[in-house]
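Chain and residue survey
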Amino acid sequence: MVDVVTRFAPSPTGYLHIGGVRTALFNYVFAKKFKGKFLVRIEDTDKERSKEEYIKAIMDGLNWVGIQPDLEPIKQSDRYDVYQKEASRLVEEGKAYKDEGAVRLKVDKDGSTLVDDQVYGEIEFLNKELDDLVILRSDGSPTYHFCNVIDDEFQNVTHIIRGEDHLPNTPKQIQIVKALNYSGFQYVHLPLVLGEDRKRLSKRHAATDLMSYKEEGYLPEALLNMLAKLGWSNTTEDIFSIEDLIKLFEANDIQRAGAVFDKERLNFINQSHLAMKQDEELISLLEPFNNKNNFSLSSHHDPNRLVRLCIGSGNNLSEVSVFIKPFLCDFKEYNDEDFKKHLLESRKVLEYFCRSIENIKSWTESAFDEVIEQAKNDLGLPMPKIGLPLRVALLGKAKSPPLNSTLYLLTKEKAIERLNSAINTIS
């Protein structure tokens, strides 16, 4: 069997977007499944719009999600002499001709070109609908279709895996393959990534730039997990690793219908991957977000417990950091709705806990269990009437870990100070 080689061929005319990452992922996984090679090629023939900063951003993005090429990427702008040589060969063989300074391929106008695609099946394109293709422009620069085919041959690519918007290009490229006497490629076209309105994913649906998800604190493995489910299905599992995906992946499980990118689904998958991390790794992952929020977990008396209890309270590391902050820094104001609903009429509860906390000897969660049980009896109140006002007083909001843990995760001095401050505010 021929060694499988796939490639991801982005144009550096912008940052790496979500649809591109999904294409790179499927190429990578397909190659790894067959112990083959995954390559990257920079298609920078658009001199006006291609920029070095975009090449760096694309490679940084692939590196972040762990999709690294097996060989050094090639750039089309370094290979103009190769394209010109192949164009000259076609002219000499009578398969191409010069036209107003450009070079055109003579397209066979009889019959049809059959594209045998592993997702969409056999599609027939009538040759009479194809014009003679420009392969070199009058300034000597190659066109997209021409260098695309030459480079796939040069890189020994076996399978071309790309978005289904490229399907109409395929008969043109097959004509070039035949003219150059190349052996040809197998095609796998992927359904487009759509927004929730089922239109092509764009900035109005969600951030399309990959690195914006890194900045928000999404995990790369969660993003790949989410993207793998866009247009492919061979598992009832929602949460899996790239290693699982390599084992399971088959091209014939790719669906034809466009796949909807759903932010809520990404949030669920990201929370699940966060929950599987060890405490130490979570603390390390949170550090840059905590730095932005001007606090450090190193000053907390039990950072592991704090992080473990708060990790489910945000969709991403940025939100989790914001949620944790009031345990270490004073908050400026109470959540308005929580204040009115839970704190205003709660003076009796706050004063009771102020006295109880003063007398507590052992600063543990189990010690607070006893205090809470006693409070329910002494105050004759149900748990929500005790827990909700205390949470708002202690953290500025009604959402927090269990009450015994919330008290334990603050220091004694800070808990008393915040209870007194709340009593003064509602007086």
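Description of the structure in this document. (Residues numbered from 1 in each chain as written. Predicted model: local features only at pLDDT ≥ 70, side-chain atom pairs only at ≥ 80, totals over all residues. Heavy atoms only, no water.)

Here we look at the overall build of the protein chain
Of the regular secondary structure elements, the protein chain holds 18 helices and 12 strands. Taken along the three principal axes of its C-alpha coordinates, the protein chain extends 100 × 40 × 35 Å. Going through the 427 residues of the protein chain one by one, you find that 52% of them count as buried. Here the contacts in the protein chain between residues at least 6 apart in sequence split such that 76% fall between residues at least 24 apart. Per element, the accessible surface of the protein chain, about 20500 Å² overall, is 47% carbon and sulfur. Of the side-chain charges in the protein chain, 56 are positive and 67 negative, and the distance between the mean point of each set is 2 Å. (Helix = DSSP H or I, 4+ residues; strand = E, 2+ residues; numbered from the N terminus. Buried < 20%, exposed > 50% of the residue type's maximum accessible area, 1.4 Å probe, protein only. Contact = heavy atoms within 4.5 Å. Areas by Shrake-Rupley, 256 points an atom, 1.4 Å probe, with all protein chains shown as cover. Lys, Arg positive; Asp, Glu negative; His and termini not counted. Charge placed at Lys NZ, Arg CZ, Asp CG, Glu CD.)

A look at the packing of helix α3 (residues 80-92) against helix α4 (residues 144-154)
Here α3 crosses α4 at 100 degrees, and the two axes come no closer than 10 Å. For the element pair α3 / α4, the angle class is roughly perpendicular. Only F146, C147, I150 and D151 of α4 make contact with α3, whose side of the interface consists of V82, Y83, E86, A87 and L90. The class makeup of the residues in the contact of α3 with α4 is 7 nonpolar, no polar and 2 charged. (Axes fitted to C-alpha atoms, helices over the stretch in contact; angles between N-to-C directions. Parallel < 35°, antiparallel > 145°, perpendicular 65-115°, else oblique. Nonpolar A, V, L, I, M, F, W, Y, C, P; charged D, E, K, R; others polar.)

Here we look at the pattern of salt bridges
Going through the model one piece at a time under the given rule, you end up with 28 salt bridges. Linking K95 and E93 is a salt bridge whose minimum nitrogen-to-oxygen distance equals 3.2 Å. A residue is classified by how much of its surface remains accessible, and K95, at 24% relative accessible area, is partly exposed. Close ionic contact of K109 with D132 constitutes a salt bridge, the shortest N to O distance being 2.8 Å. With K109 in the loop between β5 (102-105) and β6 (112-117) and D132 in the loop between β7 (121-126) and β8 (133-136), this pair connects stretches of sequence that are 23 residues apart. Residue D132 is classed as buried on the basis of its relative accessible area of 18%. One connected set of salt bridges, linked through shared partners, spans R7, R41, E43, R79, D151 and D152. (Salt bridge = Lys/Arg side-chain N within 4 Å of Asp/Glu carboxyl O.)

Topic: the sheet that holds strand β3 (residues 74-75)
The strand order across the open sheet formed by 3 strands is β1-β2-β3, and the pairing between neighbours is parallel. Strands at the two margins of the open sheet, each flanked by one partner only, are β1 (5-8) and β3. Where strand β2 (residues 37-42) and β3 come together, 2 bridges link them in parallel fashion. If you follow R41 over to β3, its bridge partner there is I74. Lying on the sheet, helix α1 (residues 18-33) is in contact with β1 and β2; it crosses β1 at an angle near 165 degrees. (Pairing = 2+ DSSP bridges.)

Describing the packing of helix α14 (residues 347-359) against helix α18 (residues 412-426)
In contact at an axis separation of 10 Å, α14 and α18 are set at 155 degrees when each is read in the N-to-C sense. Taken together, α14 and α18 sit at an angle that is classed as roughly antiparallel. Considering how the two elements wind past one another, α14 and α18 form a crossing that is left-handed. Each of R347, L350, E351, F353, C354, I357 and E358 in α14 lies in contact with α18, whose residues at this interface are K412, A415, I416, L419, N420, A422, I423 and I426. For the contact of α14 with α18, the per-class residue count stands at 10 nonpolar, 1 polar and 4 charged. (Left-handed = near helix turned anticlockwise from the far one by under 90°.)

Remarks on the nonpolar core
One finds F261 and F353 to be the most contacted residues of the largest nonpolar core, which totals 131 residues. Counting residues per element, this core draws most heavily on α1, which supplies 9 residues. (Core = buried A, V, L, I, M, F, W, Y, C linked by side-chain atoms within 4.5 Å.)

A short note on the packing of aromatic side chains
Applying the stated criterion across every chain, the model contains 13 aromatic pairs. Judged by centre distance (5.9 Å) and plane angle (25 degrees), the rings of W232 and F249 are stacked. Of the two residues, W232 is situated in the loop between α7 (220-228) and α8 (242-248) and F249 in the loop between α8 and β12 (259-260); the sequence distance between them amounts to 17 residues. Judged on exposure class, the residue W232 and its partner F249 are both buried. The rings of F26, W232, F240 and F249 are connected pair by pair, giving a single aromatic cluster. The aromatic ring of F26 is capped on one face by R22, whose charged end is 5.4 Å from the ring centroid. Just above the ring of F154 sits the side chain of R79; from NZ or CZ to the centre is 4.0 Å. (Phe/Tyr/Trp six-rings, centres within 6.5 Å; stacked < 30°, edge-to-face > 60°. Lys NZ or Arg CZ within 6 Å of the ring centre and 35° of its normal.)

A few points about unusual backbone geometry
Despite not being glycine, N181 shows a phi value in the positive range, around 60 degrees. As for its placement among the helices and strands, N181 is situated in the loop between α5 (170-179) and β10 (186-190). The residue N294 is not glycine, and still its phi comes out positive at about 60 degrees. When you line up the elements, N294 lands in the loop between α10 (279-292) and α11 (303-310).

Considering helix α13 (residues 336-343)
When α13 is considered as a whole, its buried residues turn out to be D338, F339, H342 and L343. All buried residues of α13 lie within an arc of 105 degrees about the axis, which places them on one face of the element. Residues E337, K340 and K341 are exposed on α13 and point more than 90 degrees away from its buried face. Packed against the buried residues of α13 are α14, α16 (383-395) and α18. At the N-terminal end of α13, a side-chain oxygen is found 3.1 Å from the backbone nitrogen of E337, two or three residues along, and the residue is N335. (Arc of directions from axis to C-beta. Polar contact = N/O pair within 3.5 Å; in protein donor to acceptor, adjacent residues only side chain to side chain.)

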